[in-house]
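Residue strings, one per chain:
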Amino acid sequence: MRYIILSSIVTLIVLGSIMCTTTQPASKASIIELPGGKAFAGAAACQSCHQDIYKDTRHTAHFLTSSLPDAEHIKGSFVFGKNKFVYNEDMEVVMSRMANKFYQTGYVNGMPTQKEAFGVVIGSGRMGQTYLYWSGNHLFQLPISYFTPIHDWANSPGYSINYIRFNRPVPASCIECHGTYAEAQILPDNSTVYNKQKILYGVDCERCHGPGAAHVAYHAAHPADTVPQYIVNTARLDRQLRLDACALCHSGIRNMIQPAFSYQVGQHLNEYSTENPSNGQLDVHGNQYGLLTASKCFKQSQMDCSSCHNVHKDEAKNPRLFSDRCMNCHARKDTCTFRPENGLVLANNCIDCHMPAMASAKITFKMDQHKEAIPDLVRTHRVAIYPEETKAFVDKLH
Ligand code: HEC
Ligand code: HEC
Ligand code: HEC
Ligand code: HEC
Ligand code: HEC
Ligand code: HEC
Ligand code: HEC
């Protein structure tokens, strides 16, 4: 709701500045100003001049990766009978809804112990969602998450099944990877406070292109000028900087050198945070960068993430489309030396054999004390030859 209100305010401001055609200072089009003079315009301000990209990106996992809580964004069910997570005979959490507010309430021996409202939704729900609640200007994680493979509520990742946990604080790094911007401050007691009015949810345009208020103001004032000003297009940067723009969030949890949100596209990521040595084992969760750079494809070409991904579009689960991108480099018919017996068309799906989905060692959801933890499946980015997965893939086709 706030997003829509902000959107219309920004649209009005932009329309206003177009109609006046006088040079507006950048701040007129901004919704959040940063120290040092740069400012965010908000994605709604990009719509008038970049309509198609704007429309397409509204459906991406990036855009949907964080939001305010509402019935559309929360994937779990609030219907009686489906709205509980039971730890054991004595302990449960109930999810409830009152008008447009959503709650999690812990019960021990039938008595409510703590009740908190959903404040922020994290995760598009491709794999799952976790939820945060506000306590003053602090954010904490709610005890119960949603796990998409079972379409049900689940204990939050890494949480014990023996008690109902409401006390895990949420650091700004969490929103740094799952949002566009949050004004946050670390207090002397090491806790993080947020300015609720200055959060841009979703990984949106200005996360990848940098704060764009000056760009919006300039082009609104100079409609005939087609040379882009005051904005970063990563395609124009050198290869490592292009990769850094994605590695910020896709190289696992990093060791922070500078506070969250210091890094902007076009800068060297290593000056802001470094790869965590524990990512060295190349776990398949969240470290697409590390896995990709270990591939022969990557080492022997100028490949970057855009060789296969158009991040403006939701292209998930389309093996044919990704296989076409492989063939931009592997066009020769005999590139693949595997010779299937049963007339399998290799070109329809290069990826299930060469980038198979594998179980993450890091993210598991525990359903309840009686069941095994279920691992998350993620697609490895070490492009290589996988004899076992090839066999499994071929067997499945018989
Ligand atoms: C008033 C019109 C206008 C608005 C509003 C606008 N842009 Fe642009 N943008 C342009 C023009 C003109 C160009 C140059 C021609 C082109 O690439 O389409 C451009 C180019 C770009 C480029 C490519 C730059 C390059 O070097 O290739 C990016 C990225 C971009 N805009 C992002 C944004 C973002 C993000 C927003 C919202 C914060 C936005 N634009 C809002 C007019 C606008
Ligand atoms: C600010 C952090 C951030 C940046 C920068 C970022 N991503 Fe992501 N990306 C995410 C998060 C978080 C998800 C998971 C979204 C979800 O499902 O909730 C994601 C998901 C994805 C997905 C899966 C989408 C799907 O529908 O299957 C792809 C592909 C992807 N990112 C590629 C990229 C590429 C390429 C870049 C660089 C151009 C990039 N990302 C930059 C945070 C980021
Ligand atoms: C370094 C960046 C980074 C940090 C920090 C981070 N995440 Fe993520 N998160 C990601 C990326 C990238 C994905 C998508 C992973 C993939 O598809 O491999 C993801 C996936 C998720 C998902 C699954 C989303 C979906 O639907 O696919 C949830 C839920 C999630 N993160 C919650 C959190 C929470 C809560 C925090 C903070 C406590 C957090 N993450 C911190 C980058 C990050
Ligand atoms: C996850 C990161 C990401 C997000 C979010 C994103 N872009 Fe981009 N954008 C890119 C990358 C990467 C390129 C360069 C693609 C390439 O290498 O060809 C690009 C290129 C562009 C260009 C240059 C022309 C073109 O079509 O390639 C424009 C204009 C643009 N983006 C506008 C936008 C606008 C407007 C939004 C939001 C509505 C947006 N982008 C959201 C990563 C992103
Ligand atoms: C930017 C160009 C490029 C793209 C895109 C690309 N590759 Fe490659 N790939 C190469 C190069 C260069 C090599 C090394 C020389 C060779 O073996 O042909 C290679 C090697 C390979 C190998 C041999 C790996 C090994 O360890 O022996 C496989 C398998 C492979 N690629 C599969 C794929 C698949 C599948 C895709 C799409 C998901 C893909 N490639 C996309 C350039 C690319
Ligand atoms: C059914 C599984 C399967 C599919 C589908 C498949 N491959 Fe392969 N590919 C293999 C296996 C297994 C090998 C190992 C070599 C062998 O068995 O001869 C291989 C080998 C390769 C190699 C290395 C060749 C060399 O010189 O060492 C490349 C490159 C390659 N594949 C690319 C592709 C591309 C591109 C596609 C999609 C057009 C594709 N593969 C589809 C299973 C597959
Ligand atoms: C050689 C092609 C290729 C390159 C290069 C590549 N990807 Fe991917 N990526 C894929 C394919 C194929 C998928 C699976 C898409 C699907 O099935 O929905 C995928 C999926 C993803 C996902 C979703 C993970 C999951 O398990 O669902 C993320 C996140 C992602 N890529 C990020 C990146 C980032 C960041 C880079 C650059 C460091 C990158 N990719 C480079 C081919 C590639």
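Residues numbered from 1 in each chain as written. Chains lettered and ligands numbered in written order. Predicted model: local features only at pLDDT ≥ 70, side-chain atom pairs only at ≥ 80, totals over all residues. Heavy atoms only, no water.

## Section: the overall build of the chain
And then number 1: Counting its secondary structure elements, the chain contains 11 helices and 19 strands.
And then number 2: Within the span of the chain, comprising 398 residues, buried residues form 41% of the whole.
And then number 3: Considering only contacts in the chain between residues 6 or more positions apart, those separated by 24 or more positions represent 56%. (Helix = DSSP H or I, 4+ residues; strand = E, 2+ residues; numbered from the N terminus. Buried < 20%, exposed > 50% of the residue type's maximum accessible area, 1.4 Å probe, protein only. Contact = heavy atoms within 4.5 Å.)

## Considerations on unusual backbone geometry
And then number 1: Located in the positive-phi region is Tyr230, a residue other than glycine, with phi close to 55 degrees.
And then number 2: Among the secondary structure elements, Tyr230 is positioned in the loop between α5 (213-221) and α6 (239-250).
And then number 3: Positive phi is not limited to glycine here, since Phe261 has a value of about 75 degrees.
And then number 4: Position of Phe261 among the secondary structure elements: in the loop between β16 (255-256) and β17 (273-274).

## Thoughts on the side chain of Thr130
And then number 1: Tracing the sequence through the fold places Thr130 in strand β9 (residues 128-135).
And then number 2: Using a relative accessible area of 17% as the deciding quantity, one classes Thr130 as buried.
And then number 3: Filtering out sequence-adjacent residues up to four positions away, Thr130 remains in contact with Val120, Val121, Ile122, Gln141, Ser145 and Pro157.

## Remarks on the site of ligand 5
And then number 1: Taken together, 15 residues are adjacent to ligand 5, and Cys297, Gln300, Cys326, Cys329 and His330 come closest.
And then number 2: Put simply, the parts of the chain that give the shell around ligand 5 at least two residues each are α8 (296-299), α9 (319-327) and α10 (351-354).
And then number 3: A per-class count over the shell around ligand 5 returns nine nonpolar, four polar and two charged. (Near = heavy atom within 4 Å. Nonpolar A, V, L, I, M, F, W, Y, C, P; charged D, E, K, R; others polar.)

## A short note on the sheet that holds strand β7 (residues 111-117)
And then number 1: Sheet architecture is open: four strands sit in the order β4-β5-β6-β7, paired in antiparallel fashion. Every other strand in the sheet has two partners, leaving β4 (84-88) and β7 as the edge strands with one partner each. On average, each strand axis in the sheet is tilted by 20 degrees relative to the strand beside it, whichever way the strands run. (Pairing = 2+ DSSP bridges. Axes fitted to C-alpha atoms, helices over the stretch in contact; angles between N-to-C directions.)

## Section: the pattern of salt bridges
And then number 1: Inspection of the entire model under this criterion finds 10 salt bridges.
And then number 2: A salt bridge links Asp204 to Arg58, with the nearest nitrogen and oxygen atoms 2.8 Å apart. With Asp204 in the loop between β15 (192-201) and α4 (205-209) and Arg58 in the loop between α2 (51-57) and β3 (66-67), this pair connects stretches of sequence that are 146 residues apart. Each of the two residues, Asp204 as well as Arg58, counts as buried.
And then number 3: The shortest N-O distance in the salt bridge between Lys84 and Glu92 comes to 3.6 Å. (Salt bridge = Lys/Arg side-chain N within 4 Å of Asp/Glu carboxyl O.)

## Quick notes on the coordination of the iron atom of ligand 5
And then number 1: Protein ligation of the iron atom of ligand 5 involves Cys297 (SG) and His330 (NE2), the donor distances falling in the range 2.0 to 2.2 Å.
And then number 2: For the iron atom of ligand 5, the six donor atoms in the first shell make angles of 84 to 179 degrees at the metal, so the coordination geometry reads as octahedral. Taken together, the residues Cys297 in helix α8 and His330 in the loop between α9 and α10 connect sequence positions 33 residues apart.
And then number 3: Under the relative-accessibility criterion, His330 is labelled partly exposed at 38%. (Donors = N, O, S within 2.8 Å, 3.2 Å for Na, K, Ca; no water. Tetrahedral: all angles 85-135°; square planar, octahedral: opposite > 155°, others 65-115°.)

## Some points on the pairing of β7
Successive residues of a regular strand alternate their side chains across the two faces of the sheet.
And then number 1: Across six bridges, the pairing between strand β6 (residues 101-108) and β7 is antiparallel. The residue bridging Val108 from the neighbouring strand is Met111, located in β7.
And then number 2: Hairpin connection, β6 to β7: the antiparallel pair is bridged by two residues, and Asn109 has positive phi, about 50 degrees.

## Focus: the coordination of the iron atom of ligand 3
Under ideal tetrahedral coordination, the four donors around a metal are separated by 109.5 degrees; under ideal octahedral coordination, the six donors are separated by 90 or 180 degrees.
And then number 1: In this structure the iron atom of ligand 3 is ligated by exactly one protein donor, His178 (NE2), at 2.1 Å.
And then number 2: Turning to its location among the elements, His178 is positioned in helix α3 (residues 172-178).

## Considering the site of ligand 1
And then number 1: The environment of ligand 1 is made up of 19 residues, and the closest members are Cys46, Cys49, His50, His215 and Arg236.
And then number 2: At 2.8 Å from a nitrogen atom of ligand 1 is found a side-chain nitrogen or oxygen belonging to His50.
And then number 3: Residue Asn233 places a side-chain N or O atom 3.1 Å away from an oxygen atom belonging to ligand 1.
And then number 4: For the shell around ligand 1, the elements supplying multiple residues, two or more each, are α4 and α5.
And then number 5: Ranked by residues supplied to the shell around ligand 1, first place goes to α5 with four residues.
And then number 6: Classifying every residue of the shell around ligand 1 gives nine nonpolar, seven polar and three charged. (Polar contact = N/O pair within 3.5 Å; in protein donor to acceptor, adjacent residues only side chain to side chain.)

The quantities given are spatial measurements derived from coordinates; they are silent on function.
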